[in-house]
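So you can see what is in the structure, the chains are spelled out below.
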Amino acid sequence: MIKKVNSEKGAENIVEKMFSLDWFSQWMGIERIQVKPGLCSLRMLVRKEMLNGFGIAHGGITYSLADSALAFASNSQGRKSVSVETSISHLLPVKEGDVLMANAEEISCSDKIGIYSICITNQENKKVALFKGTVYRTSKEWEL
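Residues numbered from 1 in each chain as written. Predicted model: local features only at pLDDT ≥ 70, side-chain atom pairs only at ≥ 80, totals over all residues. Heavy atoms only, no water.

Enumeration according to the criterion identifies 0 disulfides in this entry. The structure places no disulfide on Cys 40, whose sulfur is separated from the nearest cysteine sulfur, that of Cys 119, by 14 Å. (Disulfide = S-S within 2.5 Å.)

Attention shifts here to the pairing of strand 6 (residues 127-141). Where strand 3 (residues 79-90) and strand 6 come together, 10 bridges link them in antiparallel fashion. For Ser 89, the partnering residue across the bridge sits in strand 6 and is Leu 130. For strand 5 (residues 113-121) and strand 6, the ladder comprises 9 bridges, and the chain directions are antiparallel. Paired with Tyr 116 across the bridge in strand 6 is Gly 133. The hairpin formed by strand 5 and strand 6 contains 5 residues between the paired strands, and Asn 125 there has a positive phi angle of roughly 60 degrees. (Pairing = 2+ DSSP bridges. Helix = DSSP H or I, 4+ residues; strand = E, 2+ residues; numbered from the N terminus.)

With that settled, the discussion passes to the side chain of Thr 121. Position of Thr 121 relative to the elements: it lies in strand 5. Given a relative accessible area of 8%, Thr 121 falls into the buried group. Excluding anything up to four places from it in sequence, Thr 121 contacts Val 99, Leu 100, Met 101, Lys 126, Lys 127 and Val 128. (Buried < 20%, exposed > 50% of the residue type's maximum accessible area, 1.4 Å probe, protein only. Contact = heavy atoms within 4.5 Å.)

Between helix 1 (residues 8-20) and helix 3 (residues 59-75), the shortest axis-to-axis distance is 9 Å and the interhelical angle comes to 140 degrees. Relative to helix 3, the element helix 1 lies oblique. Seen along the crossing, helix 1 lies across helix 3 with a hand that is right-handed. Along its contact with helix 1, which presents Ile 14, Val 15, Met 18 and Phe 19, the element helix 3 presents Ala 71, Phe 72 and Asn 75. Tallied by class, residues from the contact of helix 1 with helix 3 come to 6 nonpolar, 1 polar and no charged. (Axes fitted to C-alpha atoms, helices over the stretch in contact; angles between N-to-C directions. Parallel < 35°, antiparallel > 145°, perpendicular 65-115°, else oblique. Left-handed = near helix turned anticlockwise from the far one by under 90°. Nonpolar A, V, L, I, M, F, W, Y, C, P; charged D, E, K, R; others polar.)

Assignment of secondary structure puts Ser 41 in strand 2 (residues 39-45). For Ser 41, a relative accessible area of 8% gives the class buried. There is a polar contact of 2.6 Å between the side chain of Ser 41 and the side chain of Asn 103. Beyond its immediate chain neighbours, meaning those up to four positions away, Ser 41 contacts Glu 31, Arg 32, Ile 33, Gln 34, Met 101, Ala 102 and Asn 103. (Polar contact = N/O pair within 3.5 Å; in protein donor to acceptor, adjacent residues only side chain to side chain.)

Read across the sheet, 6 strands follow the order 1-2-4-5-6-3 without closing on themselves; strand pairing throughout is antiparallel. What marks the edges here is a single partner per strand, and that holds for strand 1 (31-36) and strand 3. Adjacent strand axes in the sheet meet at a mean angle of 20 degrees when their direction is disregarded. Contacts from helix 3 reach strand 2, strand 3, strand 4 (99-109), strand 5 and strand 6, with the element oriented near 150 degrees to strand 3.

The next subject is the pattern of salt bridges. Within this structure, the stated rule accounts for 5 salt bridges. Linking Glu 31 and Arg 43 is a salt bridge whose minimum nitrogen-to-oxygen distance equals 3.3 Å. Here Glu 31 is found in strand 1, whereas its partner Arg 43 is found in strand 2, with 12 residues between them in sequence. (Salt bridge = Lys/Arg side-chain N within 4 Å of Asp/Glu carboxyl O.)

Coordinates in, geometry out; function isn't part of it.
See the structure below:
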């Protein structure tokens, strides 16, 4: 039987607990905009130290933002979940000062596997990256 968190408050509590121990997401300056079971929206500002030698954001920045959105969305269901496969397509360059939004949405969820789509947009609402993530849903439940 698939057991899921059914309340926004439960999902928010799980993500708050995860975020409080997620030093990398905190270093990135990620803000949580919305959390619901199976959904997560994050926002962040691209800083100078995130740029590569071409003067654009390192691909790992958009990847990491999407990966955090995947982690929060999938774990917000109430079961501890870890990624097993991810991929990203970079569509537009990202520059210093850009504000990025990551919107994670559950596509499919079974007892053991969850599939999520994450779209990253900039402040002009242009898609800069598309990310797909597959997670393994463990049998361990989040304790709150």
